[in-house]
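Structural features, examined
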Amino acid sequence: MAVFNELSALKHLFRNLCWNVRSVSTLTKGQSFFGLIASNVERQTVAPSLQDISYFKSSMKPSLTAGAVFTLSQQRFYYRGGVVPKRDKLTFRYSGDLVTQPSLNPEETHTHFKGLAELESAPEVVKRLCSLNFASGEDKKIHRKELMRERILKLFGPEAHREMLVAMLTVDIRNMIPHVIELRKDKHAKSQLIEKIQGRKKLLKFLRKEDYQRFMWLLKELQIRYVLPPDYYGQITKKFKHKERVWKKANDLRLKKIAEYRQKLENEWEEFKNYKEEALKQIEQDIARFQLDREMFEKGLQRKREGKIYPRIYTWEERQELAKEGKVF
């Protein structure tokens, strides 16, 4: 108990020193008192014993007035609670894209300059400047979108508005995925990418309800895998997990009882088949023994099907005849 009181008093004194001396308070920021003792604090006046608290108090005050300088070693004592787990590699497999963005031919002319008659007679340097080799990233994306637009118009026609939106979003998504994976700190681009992925899923869901054949055709052409959304988006809590365990246990018990009852019915069916064969053999023997008519027995065993009796619909003439006879119906 005495040692604990001495250590607490020493800690209080050192706190006051760090408050008054700016250099010490700056160097000791983020470190504990016991870490500073372990780091070998050098000062002009050193207390001969930690147990003599009175001598420690009297010896520290003059040192501050005399301009004592405190120096600390470069060793820092930071708390390391454990190994920092490595972050998983960022992937966007849930987007459904089965392929990456195809590479472009650098010698190909940009879509802005296609169809220009002046470009055919232009020098080779001008043709190279109009090619994709000197195009920026934004120009390359515009070129990809124009190629995709031509492809969708050729496949689905000019009225395929929803298919065109899905195709344009697919170009943007495949163009942004490598950038977001390489620059993980670009949170704005990541949020935009996630928004585009969810928007494309929504469009695909509507297209699936509208025309399933066109939906499957579009998935095949763009090489996209569509995953049905879950029926339940609720938060997985302890109560939900407990309910799930109870339901699974009850379902297993139900399936077990059904299997036992099915096995019981199969055993009874085997017994009934054996009994039926023996009974038919006994009937055949009795018919042959007593020389009975088989057809008579078969007709007696057959039951007539009772059909549903519908009320008769009378004509107007029959109604008049019944009215003359006084029969009211």
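If you're wondering where the values come from, they're calculated on a predicted model, not measured in any experiment. (Residues numbered from 1 in each chain as written. Predicted model: local features only at pLDDT ≥ 70, side-chain atom pairs only at ≥ 80, totals over all residues. Heavy atoms only, no water.)

Once that is clear, we can look at the packing of helix α9 (residues 187–210) against helix α10 (residues 212–222). Taken N-terminus to C-terminus, the directions of α9 and α10 make an angle of 135°; their axes are 6 Å apart at the nearest point. Judged by the angle between their axes, α9 and α10 are oblique. Between α9 and α10, the residues in contact are Leu204, Leu207, Arg208 and Glu210 and Tyr212, Phe215, Leu218 and Leu219, respectively. (Axes fitted to C-alpha atoms, helices over the stretch in contact; angles between N-to-C directions. Helix = DSSP H or I, 4+ residues; strand = E, 2+ residues; numbered from the N terminus. Parallel < 35°, antiparallel > 145°, perpendicular 65-115°, else oblique. Contact = heavy atoms within 4.5 Å.)

Moving on: the packing of helix α7 (residues 137–156) against helix α8 (residues 161–182). Relative to each other, α7 and α8 sit at 150°, their axes nearing to 10 Å. Judged by the angle between their axes, α7 and α8 are roughly antiparallel. Considering only the axes of α7 and α8, their crossing is right-handed. Residue-level contacts link Lys141, Arg144, Lys145, Met148, Arg149, Ile152, Leu153 and Phe156 of α7 to Glu163, Met164, Ala167, Met168, Val171, Asp172 and Asn175 of α8. (Left-handed = near helix turned anticlockwise from the far one by under 90°.)

Take a nonpolar patch on the surface next. Residues Phe290, Leu292, Met296 and Phe297 make up a contiguous nonpolar surface patch of about 410 Å² in total accessible area. Mapped onto the fold, Met296 is located in helix α12 (residues 294–301). For Met296, a relative accessible area of 53% corresponds to the exposed category. (Patch = residues over 30% accessible without salt bridge, like charges linked within 9 Å, V, L, I, M, F, W, Y side chains within 5 Å. Areas by Shrake-Rupley, 256 points an atom, 1.4 Å probe, with all protein chains shown as cover. Salt bridge = Lys/Arg side-chain N within 4 Å of Asp/Glu carboxyl O. Buried < 20%, exposed > 50% of the residue type's maximum accessible area, 1.4 Å probe, protein only.)

For the rest of this paragraph, the subject is the packing of aromatic side chains. Counted by the stated rule, this structure contains five aromatic pairs. Aromatic pair Phe156 and Trp217: ring centres 4.6 Å apart, planes at 50°, arrangement tilted. In this pair, Phe156 is assigned in helix α7 and Trp217 in helix α10, connecting sequence segments 61 residues apart. In this structure Phe156 comes out as buried when scored by relative accessible area, which is 9%. Joined through ring pairs, the aromatic side chains of Tyr212, Phe215 and Tyr226 make up one cluster. (Phe/Tyr/Trp six-rings, centres within 6.5 Å; stacked < 30°, edge-to-face > 60°.)

The backbone of Gln223 shows a phi angle near 55°, a positive value even though the residue is not glycine. Along the polypeptide, Gln223 turns up in the loop between α10 and α11 (238–290). For Gln223, a relative accessible area of 37% translates into the label partly exposed. In this model, Gln291 sits at a positive phi of 55°, which is unusual for a non-glycine residue.

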